[in-house]
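# Understanding the architecture of this molecule
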Amino acid sequence: MADVFAVPVFFIVFRETLETSLVVSILLAFLRQQIGPDQDAKTYKKLRKQVWLGTGTGLALCIMIGAGIIGAFYGLGRNTWSGSELIWEGVFAIVASLIISVMGAALLRVSKLQAKWRVKLAKALEAKDNKTSTMRSRFKTWCERYAMFILPFITILREGLEAVVFIGGVGLGLKASSIPLAVVCGLIAGALIGYLVYRGGMYAPIRIFLIASTCVLYLVAAGLMSRGVWFLEANTWNVLTGGDAAEGGNGAGTYDIRQSVWHVNCCSPSLNGGGGWGVFNSVFGWQNSATYGSVISYNLYWLAVIVAFVTMRYREQNSHWPLMRLPSRGPQGLPRTQSDSSGGGEIVGKGAGFEEGTKVAVRKVDAS
Amino acid sequence: MALSLSNYLICFVLTFCSLAEAATRVYNFTAEWVRANPDGLFERPVIGINGQWPLPRIEVIVGDRLIVNLNNNLGNQSTSIHFHGLFMNGTSHMDGVVGTTQCGVPPGGSFTYNFTVNQAGSYLYHSHLDGQYPDGFRGPLIVQDPESPYNNRYDEELVITLSDWYHDEMPGLIKRFLSVTNPTGAEPVPNSALMNDTQNLQIQVQPGKTYLMRFINMAAFAAQYLWIEGHTFRIVEVDGVWTEEAEADLIYVSAAQRYSVLLTAKNDTSTNFAINGAMDADLFDKFPEGLNPNVTSFLVYDPSAPMPTPSLVDEYNEFDDHMLVPYDREPLLENPDYSFKLDVKMDNLGDGVNYAFMNDITYVRPKVPSLFTVLTTGAEASNPAIYGVNTNTFVLEQNQVIEIILNNHDPGKHPFHLHGHNFQCVVRGEENSNDYNPENVTLPEIPMKRDTWVVRPNGHIVMRFRADNPGVWLFHCHIEWHVDSGLTVTFVEAPLELQSSLSIPANHYAACNAANAYPKFQTQGNAAGRTTDLLNLEGAHVSPPPLPEGFTARGIVALVFSILAALLGIAAVIWYGVGELAQTEQASGMERVGVITEK
């Protein structure tokens, strides 16, 4: 068994694939539901292509870099990432967390738009020739246009390289023959779960699926934020101790007692691939050795999420930000609403998206 | 180099002149900082004696009274002298261990060591306080034996000290070693190896003559493999014990061990030979780039001939010291009266620092030196509890046969040293032989004896000795780092007998009571300094608490808060997700389209 199937490698690949495939499948399911082949097939296909392009490019890039790392690792006998891999992982985890968070909110918000607006928005973003005035708004537009590319790209790049680094770490003590099958199985298992989520998205009530999947995205992002901080702290500790503490096991001395909030000498998500704890880590950010930094960042992240969503909903209900008296763009916004009110009614018949929501909107429009 | 050689040659005529009767030999030692650069790489402050470093050799004859008047002129550190390997029979208070048999001699203070030497052989003296001696305060001590079985077997005597050497001073190194940022307890690795406190020493020999070479390892840490190319050693002494002659090509000399060997010079004077010392790099946590673990001296037959380049060896096949037979052929001490186990391990305590333990106790110096506790606690002195948990005290009754079973649960080698005794080396398990199991073990009839013996990684050693020397004696690993991290136990031997026979000179109390005494000690009572209610150890020095196991209250609160935060966060996402957009917001989608499409 150990000769042909390295269990630690399986778990590493599985967890990293799982995280990636969750993101990809949620995006695909979102596109399918919200833009949909039956509404604007062209835009839908384009955006779907973006997702796959991002996934493919990220995968290709991480295979290239990974091959370089592994080559250097086995060829030159030195871990070229040692010393900087934790910084790299920490920064990438935090960046990925922020991107997922922003995207999650955006997806949820867009889903609340009436189908027509959504499609129009998507189409408008597709149009290449627009040039807005400021750099900032141009950047924003660019991000919006390529969001479906950026998110899977960043995610897979991060997870893929993490997998390579981890496998490089544990692989040293393993037979080379035991790695390929484990990698393939890990990939298949992770992708399968992603596919099931996607399929589930087709059968589950649309709204419930979208909210549930956004919740999963935020759990992943919260874990990433906490892990990012943890990685940076682990790097500091390794610099102080002059060694790779995580590779020394999970006992005393592998962590900085001064920063420790809890530590259990088991259940390490990184040791030998981490097993189930590794999966627990990648989905929920579990740490067997939690630090002040990782706990506080996790809690602050959720606090920020709560504040952000409460504020957003407040604004959606009241048309202005909390603590600001006047609607910030009333004069411009309101006339447009008026002029578009008739369009809202048309969508009801098509039955796409949120029947209830649309009715409410229509009622409100009528009331006005 | 040739000059320093004369320091290490002993003129026999002089020795024999003073044979007739026991003499009193007085050494006046003033310890002070001097500068030295023994490896030619780095000059640093070292502890010298009377302005000199390397330290002078102490030389006495069996039966002599040795008086060392120590003046501490260091200015910034207390000090002491331990005469390593000398039994101090009847003079336990002269053993020189700060916190056990005396208080430190404070800067500006003086202290007199005065005792009779009844053992022959090769020894060393060194300070026994806070890991101080690797800063230079260690030197050879030779006791000539007019009745040595080998007296007529050699022409001249050579003393060759071995040592490791650090460029940094001990206080800083110890601080870094015993630090939360050194959680694995990685010992500082020496910067160099030395022979006679120098390198590339040329030792002139006469063809055909036989030499008694005394090798003394004064290292803080590193053992050395030692061999002379083209020559064979005939071992005749280990740690002050004459042995039956045993041939060896290569010996392993751990910190604080000594070997005397007979070596007959070749008749051919055309070639010179390298004396090789190689530090045992297995001891080092990592091998620093650029470290030369080897030191070479030369056996010079012809000073005009070139000095050889040491040749490489594939493997160290060192002589197994367990094979030696003491010259007195003392039989195995049978039927131990008191046998106990000492389990060695390294672990971290609650302050994150890596400590060394025997039976789960790491040594911490008591408030009252243990010998003073013996003398001031009456009948309670037989109760090990009054010496404090962290002195790890065993009380031995007079004339009992003691058996120590030491199981090494650590993957490192440890040279264990017993004060006040030689011990019979009864059993030594190979590497990874784990704990001692007395079944199916044949004990040697005439075991080797010595005072410092190496236990193998994850192996065991069994030692026996007779408790015929009332006193307070430490038993510890002689790697100085491990002394600092607590790999020490205390043997209180015949305490009630001590009370009736021993009185401590005023000079000793003066050191304790000096205004600038450091470390501070009390001179009466139990380990906590209590003179009544002796079993109350409240206030005694103890080790830091253990690391918390698993979840503490803090961890549970943090975990609960994290889970709560996640649930609330998800609730917020759901709450937002089910909420409807107001009409104005619906429009904002269009507005955004407008922003993008309008140019």
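Residues numbered from 1 in each chain as written. Chains lettered and ligands numbered in written order. Predicted model: local features only at pLDDT ≥ 70, side-chain atom pairs only at ≥ 80, totals over all residues. Heavy atoms only, no water.

### Quick look at the overall build of chain A
Along chain A, the regular secondary structure elements total 11 helices and two strands. From first element to last, N terminus to C terminus, chain A shows the α and β order α-α-α-α-α-α-α-β-α-β-α-α-α. Burial analysis of chain A (368 residues in total) assigns 52% to the buried set. For chain A, contacts bridging at least 24 residues in sequence account for 76% of all contacts bridging at least 6. (Helix = DSSP H or I, 4+ residues; strand = E, 2+ residues; numbered from the N terminus. Buried < 20%, exposed > 50% of the residue type's maximum accessible area, 1.4 Å probe, protein only. Contact = heavy atoms within 4.5 Å.)

### A look at the packing of aromatic side chains
Following the criterion strictly, the structure yields 36 aromatic pairs over all chains and no others. Aromatic pair A:Y301 and A:W302: ring centres 5.7 Å apart, planes at 80°, arrangement edge-to-face. For A:Y301, a relative accessible area of 7% gives the class buried. On the basis of relative accessibility, which here comes to 0%, the residue A:W302 falls in the buried class. Each ring, one from B:F29 and one from B:Y125, has its centre 5.7 Å from the other, and the planes form 40°; the classification is tilted. (Phe/Tyr/Trp six-rings, centres within 6.5 Å; stacked < 30°, edge-to-face > 60°.)

### Section: the UniProt feature "transmembrane region" (unreviewed entry) in chain A
Residues and elements named next belong to chain A. In the numbering used here, UniProt assigns the feature "transmembrane region" (unreviewed entry) to residues 6-31, 51-74, 86-108, 146-167, 179-198, 210-232 and 295-314. As a span, residues 86-108 carries 100% helix and 0% strand, and end to end its C-alpha atoms are 32 Å apart. Overall, residues 295-314 shows 100% helix and 0% strand. The separation of its end C-alpha atoms is 29 Å. (UniProt positions renumbered as here; feature names shortened; annotations may be inferred.)

### Considerations on the UniProt feature "domain: Plastocyanin-like" (unreviewed entry) in chain B
Residue and element names in this part refer to chain B. As annotated in UniProt, the feature "domain: Plastocyanin-like" (unreviewed entry) corresponds to residues 32-147, 156-303 and 363-495 in the numbering used here. With 0% helix and 40% strand, residues 32-147 has end C-alpha atoms that lie 37 Å from one another. Across residues 156-303, the secondary structure splits into 5% helix and 46% strand, with the terminal C-alpha atoms separated by 19 Å.

### Quick notes on helix α6 (residues 179-203) of chain A
Between its first and last C-alpha, α6(A) extends 36 Å over 25 residues, near the 36 Å set by a 1.5 Å rise per residue. The set of residues buried in α6(A) consists of A:I179, A:A182, A:G186, A:G190, A:G194, A:Y198 and A:G201. (Expected span 1.5 Å × (residues − 1).)

### Here we look at the packing of helix α1 (residues 7-34) of chain A against helix α7 (residues 206-241) of chain A
Residues and elements named next belong to chain A. Close contact between α1 and α7 brings their axes to 11 Å; oriented N to C, the two are set at 145°. Once α1 is placed against α7, the crossing between them reads as left-handed. The segment α1 lies against α7, with R15, E19, L22, V23, I26, A29, F30, Q33 and Q34 engaging I206, F209, L210, S213, V216, L217, V220, L224 and R227. (Axes fitted to C-alpha atoms, helices over the stretch in contact; angles between N-to-C directions. Left-handed = near helix turned anticlockwise from the far one by under 90°.)

### A short note on the UniProt feature "transmembrane region" (unreviewed entry) in chain B
In the numbering used here, UniProt assigns the feature "transmembrane region" (unreviewed entry) to residues 556-578 of chain B. Secondary structure within residues 556-578 of chain B divides into 100% helix and 0% strand; the distance between the first and last C-alpha atoms comes to 33 Å.

### Notes on the side chain of B:D64
All names here are of chain B. Within the secondary structure, D64 sits in the loop between β3 (58-61) and β4 (65-72). By relative accessible area, which is 1% here, D64 ends up buried. One polar contact links the side chain of D64 to the main-chain amide nitrogen of A23, over a distance of 2.9 Å. Apart from residues no more than four positions distant in its own chain, D64 is found in contact with A22, A23, R25, F115, T116 and V117. (Polar contact = N/O pair within 3.5 Å; in protein donor to acceptor, adjacent residues only side chain to side chain.)

### Here we look at the sheet that holds β4(B)
Residues and elements named next belong to chain B. One open sheet accounts for four strands, arranged β2-β1-β4-β6; its pairing is mixed. Each having just a single partner strand, β2 (44-49) and β6 (110-116) make up the two edges of the open sheet. Going across the sheet, the axis of each strand differs from the next one's by a mean of 20°, ignoring polarity. (Pairing = 2+ DSSP bridges.)

### A closer look at the pattern of salt bridges
Residues and elements named next belong to chain B. A complete count under the given rule lists 31 salt bridges over all chains for this structure. Measuring nitrogen to oxygen at the nearest pair gives 2.5 Å for the salt bridge that ties R214 to E157. Of the two residues, R214 sits in strand β12 (residues 210-217) while E157 sits in strand β9 (residues 156-165), which places them 57 residues apart along the sequence. Exposure class is identical for R214 and E157. Each is buried. In the salt-bridge network here, residues are joined through shared partners; they are D239, R258, D320, D321, R428, R450 and D451. (Salt bridge = Lys/Arg side-chain N within 4 Å of Asp/Glu carboxyl O.)

### Quick look at the sheet that holds strand β7 (residues 121-126) of chain B
Residue and element names in this part refer to chain B. Strand order in the open sheet formed by four strands is β3-β8-β7-β5, and the pairing between neighbours is mixed. The strands lining the two open edges of the sheet, one partner per strand, are β3 and β5 (82-84). If you compare each strand with its neighbour and ignore which way they point, the axes differ by 25° on average. Two elements, β7 and strand β8 (residues 138-144), share six bridges in a ladder whose sense is antiparallel. Across the sheet, the residue bridging to Y123 is L141, located in β8.

### Some thoughts on the state of the cysteines
Residue and element names in this part refer to chain B. With the rule as written, the count across this model stands at one disulfide over all chains. One disulfide bridge connects C103 with C512, the sulfur atoms lying 1.9 Å from each other. Judged by the torsion about the S-S bond (90°), the C103/C512 disulfide is right-handed. Of this pair, C103 sits in the loop between β5 and β6 while C512 sits in helix α7 (residues 506-513), placing them 409 residues apart in sequence. Look at C103 and you get buried, because its relative accessible area is 1%. Among the residues examined, C512 registers a relative accessible area of 5% and is labelled buried. You can see C477 has no disulfide; the closest cysteine sulfur is in C425, sitting 15 Å from it. (Disulfide = S-S within 2.5 Å.)

### A closer look at the nonpolar core
Counting 79 residues, the largest nonpolar core has B:M213, B:I251, B:L406, B:F475 and B:F491 as its most contacted members. Excluding residues within four positions of it along the chain, B:F491 makes contact with B:F340, B:F394, B:L396, B:I404, B:L418, B:F465, B:G471, B:V472, B:W473 and B:F475. A:I26, A:F30, A:I100 and A:M312 belong to the second-largest nonpolar core, a separate cluster that totals 54 residues. (Core = buried A, V, L, I, M, F, W, Y, C linked by side-chain atoms within 4.5 Å.)

### Quick notes on the confidence of the model for chain A
All names here are of chain A. On average, residues of chain A score 74 in pLDDT, and 72% of them reach the 70 mark or higher. Of all helices and strands in chain A, the one with the weakest mean pLDDT is helix α11 (residues 355-367) (36), whereas helix α9 (residues 292-318) scores best (91). Of the regions scoring below 50 in pLDDT, residues 327-368 engages in 46 contacts with residues more than four places distant in sequence or in other chains. (pLDDT = per-residue confidence, 0-100.)

### Re the pairing of β6(B)
Regular strands place side chains that alternate from one sheet face to the opposite one. Residue and element names in this part refer to chain B. Side chains F111, Y113 and F115 of β6 all project onto a buried face; the interleaved residues S110, T112, N114 and T116 project onto a face where none is buried. One ladder, built from seven bridges, connects β4 with β6; its direction is antiparallel. From the neighbouring strand, N71 faces β6, where its bridge partner is S110.

### Focus: the environment of B:L86
Residue and element names in this part refer to chain B. Within the element layout of this structure, L86 appears in the loop between β5 and β6. When the C-alpha positions of L86 and V143 are compared, they lie 10.0 Å apart, and in sequence the two are 57 residues distant. Sequence-distant contacts of L86, that is, excluding residues within four places in its chain, are made with D95, F115, V117, Q119, Y123, L141 and G420.

### Looking at the environment of B:E330
All names here are of chain B. Mapped onto the elements, E330 comes out in the loop between β19 (294-300) and β20 (338-348). For E330, the contacting residues outside a window of four places in its chain are Q424, E445, I446, P447 and K449. Looking at E330, its side chain comes within polar contact range of the side chain of Q424, at 3.4 Å. For E330, the side chain forms a polar contact with the side chain of K449, separated by 3.0 Å.

### Some details on a nonpolar patch on the surface
On the surface, A:Y292, A:I296, A:L300, A:L303 and A:V307 cluster together into a nonpolar patch covering about 460 Å² of accessible area. The topology assignment puts A:L300 in helix α9. (Patch = residues over 30% accessible without salt bridge, like charges linked within 9 Å, V, L, I, M, F, W, Y side chains within 5 Å. Areas by Shrake-Rupley, 256 points an atom, 1.4 Å probe, with all protein chains shown as cover.)

### Re unusual backbone geometry
All names here are of chain B. A cis amide bond links W53 with the next residue in sequence, P54, at an omega value of 5°. Positionally, P54 belongs in the loop between β2 and β3. Notably, A494 is not glycine yet its phi reads approximately 50°, a positive angle. Note that A494 resides in the loop between β30 (488-493) and α6 (495-501). Take A494: its relative accessible area is 6%, and that puts it in the buried class.

### Some words on the confidence of the model for chain B
Put simply, chain B has an average pLDDT of 92, and 93% of its residues get 70 or more. We note a pTM of 0.80 for the whole complex and an ipTM of 0.75 for its interfaces.

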